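Chain residues, written in single-letter form:
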There are 4 protein chains.
Amino acid sequence: MKIIFLGDIVGRPGRELVKTLLPELIQQYAPDLTVANGENAAGGFGLTLEVADELFHSGVDVITLGNHTWKHREIDQVLDRYKQVLRPANYPPETPGESAGLFVAKNGYPVGVLSLMGQVYLEPTLDCPFRVAKEQISLLKEKTPYVLVDFHAEATSEKIALAHYLDGLVSAVVGTHTHVATADERILPGGTGYITDVGMCGPTDSVLGVKKELAIQKFITKRPVKFEIAKGPVELNGVYLELDEQGRTKRIDRINYRKNLK
Amino acid sequence: MKIIFLGDIVGRPGRELVKTLLPELIQQYAPDLTVANGENAAGGFGLTLEVADELFHSGVDVITLGNHTWKHREIDQVLDRYKQVLRPANYPPETPGESAGLFVAKNGYPVGVLSLMGQVYLEPTLDCPFRVAKEQISLLKEKTPYVLVDFHAEATSEKIALAHYLDGLVSAVVGTHTHVATADERILPGGTGYITDVGMCGPTDSVLGVKKELAIQKFITKRPVKFEIAKGPVELNGVYLELDEQGRTKRIDRINYRKNLK
Amino acid sequence: MKIIFLGDIVGRPGRELVKTLLPELIQQYAPDLTVANGENAAGGFGLTLEVADELFHSGVDVITLGNHTWKHREIDQVLDRYKQVLRPANYPPETPGESAGLFVAKNGYPVGVLSLMGQVYLEPTLDCPFRVAKEQISLLKEKTPYVLVDFHAEATSEKIALAHYLDGLVSAVVGTHTHVATADERILPGGTGYITDVGMCGPTDSVLGVKKELAIQKFITKRPVKFEIAKGPVELNGVYLELDEQGRTKRIDRINYRKNLK
Amino acid sequence: MKIIFLGDIVGRPGRELVKTLLPELIQQYAPDLTVANGENAAGGFGLTLEVADELFHSGVDVITLGNHTWKHREIDQVLDRYKQVLRPANYPPETPGESAGLFVAKNGYPVGVLSLMGQVYLEPTLDCPFRVAKEQISLLKEKTPYVLVDFHAEATSEKIALAHYLDGLVSAVVGTHTHVATADERILPGGTGYITDVGMCGPTDSVLGVKKELAIQKFITKRPVKFEIAKGPVELNGVYLELDEQGRTKRIDRINYRKNLK
Ligand SMILES: [Fe+2]
Ligand SMILES: [Fe+2]
Ligand SMILES: [Fe+2]
Ligand SMILES: [Fe+2]
Ligand SMILES: [Fe+2]
Ligand SMILES: [Fe+2]
Ligand SMILES: [Fe+2]
Ligand SMILES: [Fe+2]
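On a predicted model such as this, the values are computed, not experimentally measured, just so you know.

Conventions adopted
- Residues numbered from 1 in each chain as written.
- Chains lettered and ligands numbered in written order.
- Predicted model: local features only at pLDDT ≥ 70, side-chain atom pairs only at ≥ 80, totals over all residues.
- Heavy atoms only, no water.
- Donors = N, O, S within 2.8 Å, 3.2 Å for Na, K, Ca; no water.
- Tetrahedral: all angles 85-135°; square planar, octahedral: opposite > 155°, others 65-115°.
- Helix = DSSP H or I, 4+ residues; strand = E, 2+ residues; numbered from the N terminus.
- Buried < 20%, exposed > 50% of the residue type's maximum accessible area, 1.4 Å probe, protein only.
- Pairing = 2+ DSSP bridges.
- Least-squares fit on C-alpha atoms with pLDDT ≥ 70 in both.
- Contact = heavy atoms within 4.5 Å.
- Axes fitted to C-alpha atoms, helices over the stretch in contact; angles between N-to-C directions.
- Parallel < 35°, antiparallel > 145°, perpendicular 65-115°, else oblique.
- Left-handed = near helix turned anticlockwise from the far one by under 90°.
- Nonpolar A, V, L, I, M, F, W, Y, C, P; charged D, E, K, R; others polar.
- Buried area = accessible area lost by both parts, 1.4 Å probe.
- Salt bridge = Lys/Arg side-chain N within 4 Å of Asp/Glu carboxyl O.
- Polar contact = N/O pair within 3.5 Å; in protein donor to acceptor, adjacent residues only side chain to side chain.

Caption draft 1: Local environment of the coordination of the iron ion (ligand 6). All names here are of chain C. Of the protein atoms, only Glu39 (OE), Asn67 (OD1), His152 (NE2) and His177 (ND1) coordinate the iron ion (ligand 6), at distances of 2.1 to 2.2 Å. Classification of the site at the iron ion (ligand 6) as irregular follows from its four donor atoms and the range of 84 to 151 degrees in their angles at the metal. Of note, the donors binding the iron ion (ligand 6) are all from one chain and are spaced E-x27-N-x84-H-x24-H. Here the iron ion (ligand 6) and the iron ion (ligand 5) are spaced 3.4 Å apart, linked through glutamate 39, which binds each one. On the criterion of sequence distance, the pair formed by glutamate 39 in the loop between strand S2 (33–37) and helix H2 (49–58) and asparagine 67 in the loop between strand S3 (62–64) and helix H3 (75–81) is long-range, its members being 28 residues apart. Note on asparagine 67: relative accessible area 17%, which makes it buried.

What follows is the structure, encoded as structure tokens:
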């Protein structure tokens, strides 16, 4: 089983890059499933119907989300229409939308995908991701050995601890949210693939995708600043995973691509 | 000017690894200055006289610190004795110890080093690192074009924003504290070398150096757990920097080394 | 139904004051049940067997707890021995001890008491108190119309919102944790008695019970300071509640008593 | 010297109440100076020219602010026009507006007023209020023995510690921001009047002034909710202070007034 996972796609620059580059990556890696975090895809925050459609047309099979899920009201329609758009599982039980699902990969096998959010340094405060993960994963594991978790979280301690907690239970835990790719991709002792953060798909010369002058201004003045998405060169960050028939990761490679789009 | 910077050295396993590996790295890279973050060097938290001496004997020239600076009372003696041990600059003005200094490199030129801490998601809350950095750097720049900043911080946004803020003013901004190496090393438009986090020197099969079972237990039970340093394989993480005569970074390479010590 | 509730009892000075004053209050108010928050009773943090016994001998019927519950390991034995010691209900399901119980009041009727902790600005991050409260309260309400909730929380918004959420469902929501008595005691439209914080029982000339010089030192230096319980004049803070037969609060009076103990 | 201080005035309901009630209070107490926190006066957040004028016409002499200072862009004009509108002093040095001032009271004597914000649990993170307070107060004390500090902060520990730190240096430290009046008004050993929070002027049947259903909805769903100011009965909260000729507080009385406006 071969999977590509792309980190938080940021605004139009991120989407344009995915539209250009993902088809090439699909040719190169021939993934059976392509998953991407879309929490910043619509104008830098949240997701809309049109933007979800655009990502699907670019080759994304499943979209995961994060703390910016509810930015646009239209997200309710997105979650209603597309079972392959997943909001974090540890929102309250009565929250709209799906947070986990089984998706038929190109090789015909089902892959479980779980969207999950951290509790440390993140707003809002959701239920314990450790407990919710175990509950959701046991349901997915009844149907398939292939399970991928997008853990959208800030603190490295929480991300690494969750990965060890799920080691041997799931195929891979991939981190998102910090928008910075980490260099710690590895296979844990129990066979679970792991990376603390895959990084984002968006403008390189920026602060997490935001115009750097505006981000600096906020830190310097301590006053509110309206953020805008940066322009200029872009980068795509993700991982490529190969799983064996027991669902264990055999290979995890970072995909870190910087490009000058015109 | 060639510099090696090593991330947070964690406990005895981290120190042993540095003792073994740093001499080899010094042979390989022939750095003019070697700087390391030592905030976790003594038993996982803080620094003592004996541990500082051990790091100096291993080849470290300058030690920077972070939020765990004050764990052992002996730190007052360490700061008093060694001007090459630097605590973060944005502690209150009357805080003991130095936070910046000029150190004569092996090539005879002085290099300014600044220890600085972030405000976002970090305790305690120190003064604005952006303002303090500018003040300290202008003093160092009167004496040398070579200035290295260890920005000990949690949030990727704060780290990247500070680096852009100082771009062109300092030789390099290297991040520490998250204990996870990032894959975003680069040279900013103004010539400042940057990496969000260099990662740690310590046990690999762990949660930031701590025994993984204990870290997981704390997340699961929400009750206090006494942490211990993990055993087993270790890793060394840092960066190698080459600066031109104007103090701009010409080259920044990650050093990510995993080893099975016996 | 008449109830006295006392806020966080802080260390020996708080316990001595309760020993002296509670019998007088019991004479004066003739409560059917006396409840006190004991999270700071043993040395300023946590609870031990000896300290719990001392509080029971002073006239306390039920002890609630908070974020300092697990300070002393002996708490496991306390929780095991005394069903009338309650730790916050929104700790993980497998946590030792009881968090809610039915206690026979002096008038022969059962009173439900629930210990609950907030999520805002408090460590650790527990499950959503709103959801957990509803679950626990529905169980208690099967047995009695009299239900008292100790909501141990920091943010005024969370405390007031929870009280409105439970208005009409429980007899009273009394806040603890800030150690400062608020002046907003009232009966909400649905009949639930409410006060944002009842305050503490401990040393007056202090910072939340801690020697003021030490607390100031920590704020000024941003370095770790070992806290000690303050000496000198003490104060007792609580509320007196009168409930009607439907369990609604008819009367809520603050008890704020300052005394020079010798 | 007699001073009235009113807590955070919340939106139109708060302003209407102040317009009705403040003239009566001025008759009753004959204050030499009336100060009010106006950070929530315009639509629940921030301050505008029109709203500032309205508060001055109602009898307010000096307006202090807090974390919501910059909600409306018009605040720059307000701060530019009115030296008697004060934003917190620990914003960065280059921040627009005044944070402290000397104001001639009705008895002809000057009174120093300082607006200050806490660092604990509050966004944004400003400079250390302890240090900034001492600096600002020493300037005011050169001109007058009468100095009032509005400490806009969340944590009771930070508020009480600051008051003890300034005890004997200033006439009074009055807390704002939590919107809940505390019952701990007192005169500290050095003669400084103190209350942890004076409470707000706004709708009673609400969560800090916000419609209770909306505040509850946010806590329950963990999703964004647009807040609106509540309707119905209103309350005014403040303190009355009497200072002796050395500037020490001789008397501090809470003003807690609940009214059904039609
Ligand atoms: Fe994101
Ligand atoms: Fe995010
Ligand atoms: Fe560290
Ligand atoms: Fe650190
Ligand atoms: Fe307490
Ligand atoms: Fe507490
Ligand atoms: Fe306010
Ligand atoms: Fe505020």
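Alright, that's what it looks like, and here's the rest.
Caption draft 2: Fine view of the pairing of strand S5 (residues 100–104) of chain A. In this structure, S5(A) lies alongside strand S6 (residues 110–117) of chain A, joined through five bridges in antiparallel fashion. Among the inter-strand pairings, Phe103(A) is bridged to a residue of S6(A), identified as Val111(A).

Caption draft 3: Inspection of the relation of the copies chain A and chain B at higher detail. Relative to chain B, chain A is turned by 180 degrees and slid 0.0 Å along the rotation axis, the superposed coordinates differing by an RMSD of 0.0 Å. Taken together, the turn and the small shift mark the pair as related by a two-fold rotation axis. Across chain A, the rotation axis passes nearest the C-alpha of Thr182(A), at a separation of 1.8 Å. Comparing contact sets, 100% of the residues at the interface of chain A also lie at the interface in chain B, consistent with an isologous, same-surface contact.

Caption draft 4: Representation of the packing of helix H1 (residues 11–29) of chain C against H2(C) within the structure. Residues and elements named next belong to chain C. One way to put it is that H1 packs onto H2 with a least axis distance of 9 Å and a crossing angle of 20 degrees. It follows that H1 is roughly parallel to H2 by the angle criterion. Our pair here, H1 against H2, has a crossing hand that is right-handed. Together, Arg15, Val18, Lys19, Leu22 and Pro23 of H1 and Val51, Glu54, Leu55 and Ser58 of H2 make up the contact between the two elements. Among the residues making up the contact of H1 with H2, the classes are represented as five nonpolar, one polar and three charged.

Caption draft 5: Representation of the interface of chain D and chain A in the model. Taken together, the contacts link 14 residues of chain D with 14 residues of chain A. Surface buried jointly by chain D and chain A totals about 1,100 Å² across both partners, of which 61% is contributed by carbon and sulfur atoms. Counting the surface chain D buries against chain A, the share from its top three residues, Trp70(D), Lys222(D) and Arg223(D), is 49%. The interface formed by chain D and chain A contains zero salt bridges. Where chain D meets chain A, there are two residue pairs in polar contact (both at pLDDT 80 or more). A per-class count over the side of chain D that touches chain A returns eight nonpolar, three polar and three charged.

Caption draft 6: How the structure looks around the interface of chain A and chain B. Taken residue by residue, the interface counts 37 residues in chain A and 37 residues in chain B. Between chain A and chain B, roughly 3,100 Å² of surface is buried when both sides are summed, and carbon and sulfur atoms account for 65% of that area. Between the two partners, chain A and chain B, sit zero salt bridges. Where chain A meets chain B, there are eleven residue pairs in polar contact (both at pLDDT 80 or more). For the side of chain A that touches chain B, the elements supplying multiple residues, two or more each, are helix H5 (156–165), helix H6 (212–221) and strand S13 (249–259) of chain A. Here the side of chain A that touches chain B takes seven residues from H5(A), the largest share from any one element. Class assignment for the residues of the side of chain A that touches chain B results in 17 nonpolar, ten polar and ten charged.

Caption draft 7: Structural detail: helix H5 (residues 156–166) of chain B. Residue and element names in this part refer to chain B. Burial runs high along H5: nine of the eleven residues are buried. Within H5, the full set of buried residues consists of Thr156, Glu158, Lys159, Ile160, Ala161, Leu162, Ala163, His164 and Leu166. Looking one or two residues beyond H5, the residue adopting positive phi is glycine 168, at roughly 95 degrees.

Caption draft 8: Structural view of the relation of the copies chain D and chain A. Once chain D has been moved 0.0 Å along the axis and rotated by 180 degrees, it coincides with chain A to within an RMSD of 0.0 Å. Of the residues that chain D buries at the interface, 100% are likewise interface residues in chain A, meaning the two copies contact each other through the same surface.

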